[in-house]
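Read off the chains here:
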Amino acid sequence: MPLSAVLESFGIALLLPLLQAMGGESDQSSNASNILGIFEWAGISTEPYILLSIIGIVFATKACIKFASEGLLNFYTAKLMLRLKSRCIAGYSNMDHAAFASRNTGHYINIITTQIQRLAKSFGFTMHMAVHFISSLVFLAAAAAINWKFALVAVLGGLAITFPLQALNAKVRKISRETASEMSLLNKQLVQVIQTLKYLIATNRTERFLELIHSSCHRLFQHQYRTGLAHAFVSSIREPLSVLLVILLVTLQVYFFNQGLAPALVALLLLHRTTQAFMMTMGEYQKSMELSGSAELVHQEISLYTSNQEPRGDEIQPDFQASIEFKDVTFAYDPHEASTLSNITLTIPKNHTIALVGRSGAGKSTLADLVSLLIRPDTGSILIDGQDTRNIDPLTWRRQLGYVCQDTVIFDDTIAANICLDDHLYHHDDRCRERVHEAARQAFAADFINSLPMKYGTVVGDRGVRLSGGQRQRLFIARELYNSPNLLILDEATSALDGEAEMAIRESLELLHHTVTVIVIAHRLATIKHADYIYVLDNGKIAEEGPYEALCGEQESIFRSMLETQSL
Ligand SMILES: Nc1ncnc2c1ncn2[C@@H]1O[C@H](COP(=O)(O)OP(=O)(O)OP(=O)(O)O)[C@@H](O)[C@H]1O
C-alpha cells in the first residue's frame, strides 16, 4: 500500500512541470527540470496532454493497488480470526478440567465469538495505521524534495498535535479493557438466564436477572459512547488541522519564503496529503486502541490455557485387562482447604460391579472424576493394570469409558444422533442403526422413542427440552451403552426414573454383569443391591466396605442407617 502513496506523490509531483508550463514560467525550477529530465531520459514526450494522461494512469494504477491490498488484508484478517478460534477451541478442549471449570460458559463464548473478532479487527486497524504512517512519510519526503522548508514546518506541527492525542489514546485503551471484561460479564448473565429461563419465568424471578443484564448493557453503552466520542473528535479535527497547516504555510510563503507559485502549490498539496495520512494514522491507532482490551484478553486466555494443559503421560496406552487401584489417594479442589478425599485405597477388578454410596457431599463424584482422569490425585497414586496413571495417555483411557453423570448431557439433535453422535452414519450404515436400536432397548428407551412422531429422527431441542427428565436420562444411558465401554460409570444415572423404568434398566445392566466393569453411585440402595462390592464414603474417607449382605449385617453403621431411612 505505501506503493500507492509513492504513485500518488509522483502523480502530484507531475503537476509541477505541468503548472509551470501552463503558467508560462519559462525558468523552470530545478525540481521540475529533474522530473522532465527523467521523461526525456526514458524517451517520453513531455507535452502537457502526455503528462495529463500519465497522471490519469498513475491514479488508476493507485486505485488498483489499493483494491488488491485491501483484499489481501481482509483475507489475512479473516485467516487470523479462523486460526485463533481453532487454537482457542483446541486449547480449551485439552485444558485441565479444574482450570476450565474455574470460568463460566459466558466467558468462553465471549472469547471465541466476540473478543477474537475484535482482536482481528484491531489487527486490520494496526495494519492500516502502519500503511497510513508510511504513506505520510512518503508524501512528506516528496514535499521535502520540492520544498524542504514547508516540510520542516509540517513535521514540527505534526509533533505538536501528537502529544495531546496520546492522553486521549490512553483513556480509550482503558475503556477498551473495561468493555472487554464487561462483555464477558454480560455473556455470563445471558447464558445463565437463557439456561434457567423456564424456572425463572415459572417462579417469577426474571426481574432481578433482567436488571443485571440491563445495567451491564447500560455500562457497555457508556463505554461505546465514550470511545465513539473520542473517535469522532480525532476524525473531525483531521480536516481543520490540515487546513490550518495550509494557512500557516501560505502565510510563511507570502511573508518569509517567497518562492515560485508552482513549487509552493505542489508542496502544499503534498503536505495536505501528509497531514491527512498522518491524521488517518492517528485515527487507525485510536481504533486499534478501542479494541486493544480484546487483544489483551485473548492474549491472557492463550497464556492461561497453555499453562493449564492437561498432563499427558503419553507413553502407555492402557488396554484395561486387570484392575484399577487407588493407593492412599488424597485430593483437594482447593489446596488451601481441607481435602475432599483422604487416604483412599481401593481396588476395582475388571468386569466387577462396584458401588459407591454415602451422604451427599461425601466425595463419590469426585472419586469417579479421578477414575476418568479428569482430575489428578495430590498424593498417592491411581494404577490401571499396575501402571501409574501419570504415565498413561488419558485420551486412550477415556475412549474405553462410558460415563452417565448427574448433569444429563443431551445435544440439540435427533434421538439417533444423541445415541451414536452421527446422524449420517445412522441413516447409511445398517450395523450402526442396529446398534443404536439395541442400545435404546437396553436403556429402556425404545418404547418412548417409537411413540414419538419422528421416532429416531425426532429433534429433542436444546438440552433435550422436549423430553421428560426420565427420558433424557434413558437417552443418555443409551448413548453410553452404544459405545460398548470397558468401564461404565453410572453417577445417579437412574435418579429421575420411576420404579418400573429403574428396574428395567437395572435388569438390562445386570446382563452386562461380569462382561463390563461398572462403578455405580446411587443414593437409592436398591440400585446397588447386585454390586459385587460396596464402598461407603463419609467425609472424603472410606468408612465402610464389603458386599451388600455383609454391610446389611453390620449394626450401628452408616450403611445400616441408610438402609433404615430407606426402609429396605
Ligand atoms: N468443581 C469443584 N470445585 C470445588 N469443590 C467441589 C467441586 N466439585 C465438588 N466439590 C466439593 O467436593 C465435595 C464432594 O463433592 P462430590 O460431588 O464428590 O460429592 P458427592 O458425594 O458426589 O455428593 P452428591 O451425592 O450430592 O452428588 C463437596 O463438598 C463439594 O462441595
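Please read all numbers here as calculations on a predicted model, not as lab measurements.

A. Highlighting the packing of aromatic side chains. Using the criterion set out here, one finds 11 aromatic pairs in the structure. The interplanar angle of 75 degrees and the centroid separation of 4.7 Å between the aromatic rings of Tyr92 and Tyr108 together place this pair among those described as edge-to-face. Here Tyr108 lies in helix H6 (residues 105-146) and Tyr92 lies in helix H4 (residues 48-93), a separation of 16 residues in the sequence. On the basis of relative accessibility, which here comes to 8%, the residue Tyr108 falls in the buried class. Ring geometry for Phe331 and Tyr333: centres 4.9 Å apart, planes at 85 degrees, overall edge-to-face. For Phe331, a relative accessible area of 6% puts it in the buried group.

B. Fine view of the sheet that holds strand E10 (residues 541-546). Pairing within the open sheet is mixed, and its six strands lie in the order E6-E7-E8-E3-E9-E10. The two strands at the open ends of the sheet, each matched to only one other strand, are strand E6 (401-404) and E10. Strand-to-strand, the axes of this sheet are offset by a mean angle of 15 degrees, without reference to chain direction. Of the pairings in the sheet, the one linking E6 to strand E7 (residues 487-491) comprises four bridges and is parallel in character. In the strand pairing of E7, Gly402 is matched with Leu488. Sitting on the sheet, helix H18 (residues 469-482) touches E6 and E7, and the angle it makes with E6 is about 175 degrees.

C. Main features of the side chain of Thr275. Tracing the sequence through the fold places Thr275 in helix H10 (residues 261-290). The class of Thr275 is buried, set by a relative accessible area of 11%. Other than its neighbours up to four places away in sequence, Thr275 contacts Leu241, Ser242 and Leu245.

D. Examining the domain arrangement of the protein chain more closely. Looking at the assigned domains, one finds that the protein chain contains domain 1 (2-307), domain 2 (316-400 + 492-568) and domain 3 (410-484). The straight-line distance from the C-alpha centre of domain 1 to that of domain 2 is 60 Å.

E. Summary view of the site of the ligand. Close to the ligand lie Tyr333, Thr340, Arg359, Ser360, Gly361, Ala362, Gly363, Lys364, Ser365, Thr366, Gln406 and His523. Ser365 has a polar side-chain atom sitting 2.8 Å from an oxygen atom of the ligand. Contact with the protein chains covers 57% of the free accessible surface of the ligand, which is 630 Å².

Reading the values: rules and limits
- Residues numbered from 1 in each chain as written.
- Predicted model: local features only at pLDDT ≥ 70, side-chain atom pairs only at ≥ 80, totals over all residues.
- Heavy atoms only, no water.
- Phe/Tyr/Trp six-rings, centres within 6.5 Å; stacked < 30°, edge-to-face > 60°.
- Helix = DSSP H or I, 4+ residues; strand = E, 2+ residues; numbered from the N terminus.
- Buried < 20%, exposed > 50% of the residue type's maximum accessible area, 1.4 Å probe, protein only.
- Pairing = 2+ DSSP bridges.
- Axes fitted to C-alpha atoms, helices over the stretch in contact; angles between N-to-C directions.
- Contact = heavy atoms within 4.5 Å.
- Domains from an automatic or database assignment.
- Near = heavy atom within 4 Å.
- Polar contact = N/O pair within 3.5 Å; in protein donor to acceptor, adjacent residues only side chain to side chain.
- Areas by Shrake-Rupley, 256 points an atom, 1.4 Å probe, with all protein chains shown as cover.

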